[in-house]
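Survey of secondary and tertiary structure
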Amino acid sequence: MVAAAAEAVAADALDAAVERMEAKLPKAAAKGTAELPCVAERAATLSCYKAGGDVLQCGPVVDAFVACAARLR
């Protein structure tokens with residue numbers, strides 16, 4: 001009997017913790033429909049580096065990726 005009561009209390013605490021965490025997430029992320037941020041900028045950066053040319057030419061692409069990430073903070 002005591003174990004069942006303890007389990008119910010733990011379940012309630014877990015539910016409350018989940019609700020608090022979901023409240024902190026953007027609504028789209030909570031529904032599982034959020035897209036990852038900066039995907040295009042990341043892909044462009046990786047593509048530039050994989051091209052094998054002078055990596056210094058990737059500066060503007062990297063700057064765009066960094067700016068995108070900074071906007072999310």
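Everything here concerns the structure above.
First, a word on scope: everything that follows refers to the structure included in this document. (Residues numbered from 1 in each chain as written. Predicted model: local features only at pLDDT ≥ 70, side-chain atom pairs only at ≥ 80, totals over all residues. Heavy atoms only, no water.)

What follows covers helix 3 (residues 39-50). With twelve residues, helix 3 should cover 16 Å at 1.5 Å per step; its first-to-last C-alpha distance of 16 Å lies within 8% of that length. With its phi angle positive at about 85°, Gly-52 sits one or two positions after the end of helix 3. (Helix = DSSP H or I, 4+ residues; strand = E, 2+ residues; numbered from the N terminus. Expected span 1.5 Å × (residues − 1).)

Scanning the model with the defined rule gives two disulfides in all. Here Cys-38 is linked by a disulfide to Cys-68, with a sulfur-sulfur distance of 2.0 Å. Across the S-S bond linking Cys-38 and Cys-68, the dihedral sits near -95°, which makes this disulfide left-handed. Within this pair, whereas Cys-38 is found in the loop between helix 2 (27-31) and helix 3, its partner Cys-68 is found in helix 4 (residues 59-71), the two being separated by 30 residues in sequence. Here the two residues Cys-38 and Cys-68 agree in accessibility, since each one is buried. Note that Cys-48 is cross-linked by a disulfide to Cys-58, the S-S spacing being 1.9 Å. Linking Cys-48 and Cys-58, the disulfide has an S-S dihedral of approximately -95° and is accordingly described as left-handed. Of this pair, Cys-48 sits in helix 3 while Cys-58 sits in the loop between helix 3 and helix 4, and the two are ten residues apart along the sequence. (Disulfide = S-S within 2.5 Å. Buried < 20%, exposed > 50% of the residue type's maximum accessible area, 1.4 Å probe, protein only.)

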